[in-house]
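# Descriptive structure summary
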Amino acid sequence: MGDARLSWVDAEDVAQVAVQALLHPERHAGQTYRLGYEAKSYDEIAATMAEVLGKPFRYEAEAPEIFRKNMRAAGAEMAYMDCVYDHYKRYAAHTIPGADDTFDNFPAITG
């Protein structure tokens, strides 16, 4: 994926949004919420992990073909894995519009 930046969202934030949608269906019915509150590259994520955990981490980019080969060898469902492979290639080429978009809607959704 090289230096591609992706937007990220914490699983706890996703859970809080889900709780609000379930508790207040009348308020959230028909809504689509884009979640992503930070954009980082894999190099930046590795640096954050190293800092937080106090252990060395680094990102080493490999060709998407290696991922696909490893998934095939592991017996993964290749229809899905080929989709992931194509996605990785597009991320690395920076051709996915909005891949690193971030949003400020969390307080409005969760109160």
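Figured I'd write up the structure that's included with this text. (Residues numbered from 1 in each chain as written. Predicted model: local features only at pLDDT ≥ 70, side-chain atom pairs only at ≥ 80, totals over all residues. Heavy atoms only, no water.)

## Points about the overall build of the chain
Per the secondary structure count, the chain includes 6 helices and 2 strands. Listing every helix and strand of the chain by position from the N terminus yields β-α-α-β-α-α-α-α. Since a compact globule built from 111 residues should have a radius of gyration of about 13 Å, the 17 Å found for the chain marks it as more spread out than a globular shape. Dimensions along the principal axes, computed over C-alpha positions, put the chain at roughly 45 × 35 × 25 Å. Here the chain holds 111 residues, and 23% of them are scored as buried. The contacts in the chain between residues at least 6 apart in sequence include a share of 69% that link residues at least 24 apart. Just so you have it, the chain exposes about 7800 Å², and 55% of that area is on carbon and sulfur atoms. Counting 11 positive and 18 negative side-chain charges, the chain places the averaged centre of each group 6 Å from the other. (Helix = DSSP H or I, 4+ residues; strand = E, 2+ residues; numbered from the N terminus. Rg over C-alpha atoms; globule rule 2.2 N^0.38 Å. Buried < 20%, exposed > 50% of the residue type's maximum accessible area, 1.4 Å probe, protein only. Contact = heavy atoms within 4.5 Å. Areas by Shrake-Rupley, 256 points an atom, 1.4 Å probe, with all protein chains shown as cover. Lys, Arg positive; Asp, Glu negative; His and termini not counted. Charge placed at Lys NZ, Arg CZ, Asp CG, Glu CD.)

## Quick word on the packing of aromatic side chains
Counted according to the given criterion, the structure contains 4 aromatic pairs. Cluster of aromatic residues (ring-pair linked, three or more members): W8, Y42 and Y59. A cation sits over an aromatic face here: R68 above Y85, 3.7 Å from the ring centre. (Phe/Tyr/Trp six-rings, centres within 6.5 Å; stacked < 30°, edge-to-face > 60°. Lys NZ or Arg CZ within 6 Å of the ring centre and 35° of its normal.)

## A look at a nonpolar patch on the surface
A cluster of nonpolar side chains, contributed by M49, V52, L53 and F57, occupies part of the molecular surface with about 370 Å² of accessible area. Topologically, V52 is positioned in helix α3 (residues 42-53). (Patch = residues over 30% accessible without salt bridge, like charges linked within 9 Å, V, L, I, M, F, W, Y side chains within 5 Å. Salt bridge = Lys/Arg side-chain N within 4 Å of Asp/Glu carboxyl O.)

## Description of the side chain of N105
Relative to the helices and strands, N105 resides in the loop between α5 (78-92) and α6 (106-110). Within the structure, N105 has its side chain in polar contact with the side chain of Y37 (distance 2.8 Å). Residue contacts for N105: discarding those within four places in its chain leaves R34, L35 and Y37. (Polar contact = N/O pair within 3.5 Å; in protein donor to acceptor, adjacent residues only side chain to side chain.)

Geometry only, nothing functional implied.
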